[in-house]
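Close look at the chain arrangement
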Amino acid sequence: MQRIPESELIINNRGAVYHLDLRPEELAHTIITVGDPDRVPAVSKHFDHIEHKRSHREFVTHTGVLGKKRLTVVSTGIGPDNIDIVLNELDALVNIDLLTRTIKPQLTQLNVIRVGTSGALQADVPTDSFVVSTHGLGIDNLLNFYRFEENEEEKQLLQSFITQTQLHQRISQPYICGGSAHLIKHFVNNFHHGITVTCPGFYGPQGRILRLGLSNPHLIDRLTQFTFGPHRITNFEMETSGIYGLGKLLGHHCLSISAIVANRVTKQFSKDSQATIEQLIKKTLDIINDW
Ligand code: R1P
Ligand code: URA
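Residues numbered from 1 in each chain as written. Chains lettered and ligands numbered in written order. Predicted model: local features only at pLDDT ≥ 70, side-chain atom pairs only at ≥ 80, totals over all residues. Heavy atoms only, no water.

The name given to the protein in an unreviewed UniProt entry is Uridine phosphorylase, with the source organism recorded as Niastella koreensis. Under the Catalytic activity (unreviewed entry) heading, UniProt states for the protein: "uridine + phosphate = alpha-D-ribose 1-phosphate + uracil". (UniProt positions renumbered as here; feature names shortened; annotations may be inferred.)

And the structure:
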């Protein structure tokens, strides 16, 4: 078995993976990821009890028990670069022996569920509604650094996206990855389903104009108008495609659920985004508790 060197997988003097500052026994195998560190206690306050609390940089983690389920909630901060760190370290905690620094012979699969916020790209996906991402379509570049290949349906979707939007001319090669059908099936009633585009920023990369001109002034329209059979783009945010792509490569079940706080077609913003996020947290925990 090949030993993974100290420079490649950093383990601190607590025996914890460096960025998350977590040891294997401090992680549950069903994990909720949230962007905002303040959203971690908003999730764990629903647990029956909390076993572990860790915090390092933007990565706040609470692990505890809800009903019969052991759950971890971890904040990722904002963006795909953080997702690279979080997914790799979560996986290392279960699939790499941190003492011998070797890959374990038996794969442990995690359930990773993002509970985030997002901007809608369809007029009929209103603010304060919830979206389940059937696919993450990345214009963020993260998966281009890994050996990643779409399946046949994903390849066709991607080709159609490139042809219809022509966005690849000014940005990195887009990629696409489906979410876990195994998890999506639990989130049906009262959820919109659609493709989520993951962007490497909040302003220009999501077509917002403050003081700067955009290289793709028609970004929103192109995304809104895209269709492929029954598929359309419902929303965009900054983590889903990285979670789906890395999760698939590493062998985990991943799902991304978003509370819609902005609608970029109708130009509305939620009047009480905190209440909407709180509702999504409760709904998600109820579903996880029941499955
Ligand atoms: C931008 O405001 C952030 O909000 C969304 C985006 O993906 C990005 O991380 O998700 P979170 O509310 O989960 O952070
Ligand atoms: N998060 C995003 O990334 N974009 C939005 O418009 C709202 C939340």
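Looking at ligand 1, the residues that line it are G35, R39, I78, R114, G116, T117, F202, E237, M238 and E239. Here an oxygen atom of ligand 1 sits 2.7 Å away from a polar atom, N or O, in the side chain of R39. Against a free-state accessible area of 340 Å², the protein chains account for coverage of 86% of ligand 1. Tallying contributions element by element places strand 7 (residues 111-120) first for the shell around ligand 1, with 3 residues. Looking at the shell around ligand 1, its residues break down into 3 nonpolar, 3 polar and 4 charged. (Near = heavy atom within 4 Å. Polar contact = N/O pair within 3.5 Å; in protein donor to acceptor, adjacent residues only side chain to side chain. Areas by Shrake-Rupley, 256 points an atom, 1.4 Å probe, with all protein chains shown as cover. Helix = DSSP H or I, 4+ residues; strand = E, 2+ residues; numbered from the N terminus. Nonpolar A, V, L, I, M, F, W, Y, C, P; charged D, E, K, R; others polar.)

Let us now look at the environment of N189. Assignment of secondary structure puts N189 in the loop between helix 4 (181-184) and strand 10 (192-198). With 22 residues separating them in the primary sequence, N189 and L167 have C-alpha atoms 33 Å apart.

What follows deals with unusual backbone geometry. Of note, Q166 is a non-glycine position whose phi angle comes to about 55°, a positive value. Taking the relative accessible area as the measure of exposure, Q166 reaches 32% and is therefore partly exposed. One non-glycine residue with positive phi stands out, namely K267, at about 65°. Looking at the secondary structure, you find K267 in the loop between strand 13 (253-263) and strand 14 (268-269). (Buried < 20%, exposed > 50% of the residue type's maximum accessible area, 1.4 Å probe, protein only.)

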